[in-house]
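# Chains, contacts and geometry: an overview
For reference, the chains in residue letters:
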2 protein chains.
Amino acid sequence: MEKPYVIGIDMGGTNTKFGIVDARGHVLNSSSIKTQQYPDIDEYCDVLCAEMMKLVEVHGGIDLIRGVGAGAPNANYYTGNIENAANLPWKGIVPFARMISDRMGVPCRITNDANAAAMGEMTYGVAKGMKNFIMITLGTGVGSGIVIDGKVVYGHDGFAGELGHTKIERGSSARLCGCGQRGCIEAYASANGVARTAQEWLADGTKKSLLRDIKLEDITSKDVFEAAMKGDKLAKDIFEYTGTLLGQKLADFIAFSAPEAIVLFGGLTKAGDILMQPVVRSMNENVVRFWKDKVKVLFSSLNGSDAAILGASALVWDVDAQAPMTV
Amino acid sequence: MEKPYVIGIDMGGTNTKFGIVDARGHVLNSSSIKTQQYPDIDEYCDVLCAEMMKLVEVHGGIDLIRGVGAGAPNANYYTGNIENAANLPWKGIVPFARMISDRMGVPCRITNDANAAAMGEMTYGVAKGMKNFIMITLGTGVGSGIVIDGKVVYGHDGFAGELGHTKIERGSSARLCGCGQRGCIEAYASANGVARTAQEWLADGTKKSLLRDIKLEDITSKDVFEAAMKGDKLAKDIFEYTGTLLGQKLADFIAFSAPEAIVLFGGLTKAGDILMQPVVRSMNENVVRFWKDKVKVLFSSLNGSDAAILGASALVWDVDAQAPMTV
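All of these numbers come straight from a predicted model, not from anything done at the bench.

### Thoughts on the relation of the copies chain B and chain A
The operation relating chain B to chain A is a screw motion whose rotation component is 180 degrees, with 0.0 Å of axial translation and a residual RMSD of 0.0 Å. Between the two chains, the operation in question is that of a two-fold axis.

And the structure:
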């Protein structure tokens, strides 16, 4: 009998979520552990696998599990290693896929979180049936997963798709990004970027805003969204600015791979139309003539909390995969 | 017997060159016609095919020819059509691959000139054996051919790889590009871009330069190169500036597809080290940390005059091709 289930892991700097997924993209059950609670990687893997086995037992045992897919920061798809991840407790190179498959007795394959999201979108979401699209994740940072000819692009070394670190501004006045460079789109179009814009504009300007009721350093992108929904001019202008910059970069990305669609995913997309409208306008103003009004911009259709688990699980269903699974 | 030869066509706005190529990348013989001399596309195809047949007869006749590959402006790989090419005499959509195969009685496949150059480099040049590289053509304009997993990227519509029209500057002071947008790298890092930089700097500045001996509007990139070779400070600064901007964009391109190498091709590469040095420095200053000093920048190893014919011919040898050949 074909094994009917896979396990998806969504490893973040704070939480590690995991669940059992069937071939139709239903998360049958799920659970989580605290990533930072385990400074020792062996202990982390022991606890994670023990917790996953509890879920597995509920659904008929490990013989029904085809494999494990994981989305994790700095995960190298080719090697199965997590390499020098700044936001995780374990330094250097961690052979994560190997450590999981050794403990679970089933194959494991890993990739970074944005690539996992792209896999999930292609397997279960709005990109189902699309051969060429770009996934942009707008969360704390800006990530990307690029799909060409039905395959996620990994490049020569496994790390392709770092579009969050392409530049929207240049020179010494451009914003410093967490990566050490200046002017990356991540420093502007992420949730953090929106908060920074608010802080800069409120510090410099004298314009009235509901945001002045909040302590400057405590302002979040959610606060800016809520103020905009109440009609606050400054807050609306911040989304207009953010969307304009993001749309300019999307025009550049289109020139690379001529996608059918760009799919936006992550916390910032909750802003809806006040983000989408300037993104689409700016993208079409900046794109090469023959792509004008031709490339769709879509919000992810995957349920936020399950999307990353689904995406990671999709790694296991991928029969055309370019990387082997550990066994 | 396997048919041993293919025909490669390099269609430019001025000349159409063509030649017979063997499997080792030798151009056995070649010839050309004037593109602009034939405002009627049927007449152009009649003359072109008659001239190609003359070459074919010298090498044993059409039964030894496997097919025809053509590199042409605005060529759509998927459809075999040339679509709305600004620099060609024929307007609208020209079913070029079909017109050639009908006349020659062998299959035909077409792509744009930069993609053809990438195919040529992968089949016969410095990118032989590479699975992931980006070809940047620095000629009158800036073109690109992107290779991922051993395949040229065509995207959803067949027009992927327009990196010359990604932006290096933004806003109303950025240079106007031939495409109608402002700030495209093509307006700076092409042969025309180098000439424009010289004209702008000479018009604005008071610095001494050998270039002042030439009428401002007649200055070419070749003049700038020759002045730089004679030690002219302004001319050297122009190449420093050009290379710096190009390197900044290459860093963005690396973040997309994580290539093993970037291959530079075309007239401007004759400048050699005075272009290469600032390109490599600037690229490594601007790239995401983990790619620093890891991505090779190479000059094309193909003989300039044969490269485009070789590249176009490589389309026919491509057994994994994503597009059908006309038959």
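On we go.
### Focus: unusual backbone geometry
Residue and element names in this part refer to chain A. Non-glycine residue N84 carries a positive phi angle of around 50 degrees. Within the secondary structure, N84 is located in the loop between β5 (82-83) and β6 (93-94). Note on N84: 15 C-beta atoms within 10 Å, which makes it partly exposed.

### Regarding the interface of chain B and chain A
Often, the extent of an interface is quoted as the loss of accessible area on bringing the components together. Listed by partner, the interface residues are 30 residues for chain B and 30 residues for chain A. Mapped by element, the contributors of at least two residues to the side of chain B that touches chain A are β9 (142-148) and α7 (233-257) of chain B. If you tally residues by element for the side of chain B that touches chain A, the top one is α7(B), at five residues. Residues of the side of chain B that touches chain A, tallied by class, amount to 13 nonpolar, ten polar and seven charged.

### Concerning α7(B)
Residue and element names in this part refer to chain B. Between its first and last C-alpha atoms α7 spans 36 Å; for 25 residues at 1.5 Å apiece the expected length is 36 Å, and the two agree. Here α7 lies mainly inside the structure; 19 of its 25 residues are buried. Phi turns positive one or two residues past the end of α7, at A258, with a value near 45 degrees.

### Notes on the domain arrangement of chain A
Residues and elements named next belong to chain A. Entries for chain A in the domain assignment read domain 1 (5-119 + 305-317) and domain 2 (129-301). Centre-to-centre, using C-alpha coordinates, domain 1 lies 28 Å away from domain 2. Counting from both sides, the interface comprises eleven residues of domain 1 and, opposite them, 13 residues of domain 2. If one sorts the elements of the side of domain 1 that touches domain 2 by residue count, helix α3 (residues 113-124) sits on top with six residues. When grouped by side-chain class, the residues that make up the side of domain 1 that touches domain 2 number seven nonpolar, three polar and one charged.

Reading the values: rules and limits
- Residues numbered from 1 in each chain as written.
- Chains lettered and ligands numbered in written order.
- Predicted model: local features only at pLDDT ≥ 70, side-chain atom pairs only at ≥ 80, totals over all residues.
- Least-squares fit on C-alpha atoms with pLDDT ≥ 70 in both.
- Helix = DSSP H or I, 4+ residues; strand = E, 2+ residues; numbered from the N terminus.
- Buried ≥ 20, exposed ≤ 12 C-beta atoms within 10 Å, placed from the backbone.
- Contact = placed C-beta atoms within 7 Å.
- Nonpolar A, V, L, I, M, F, W, Y, C, P; charged D, E, K, R; others polar.
- Expected span 1.5 Å × (residues − 1).
- Domains from an automatic or database assignment.

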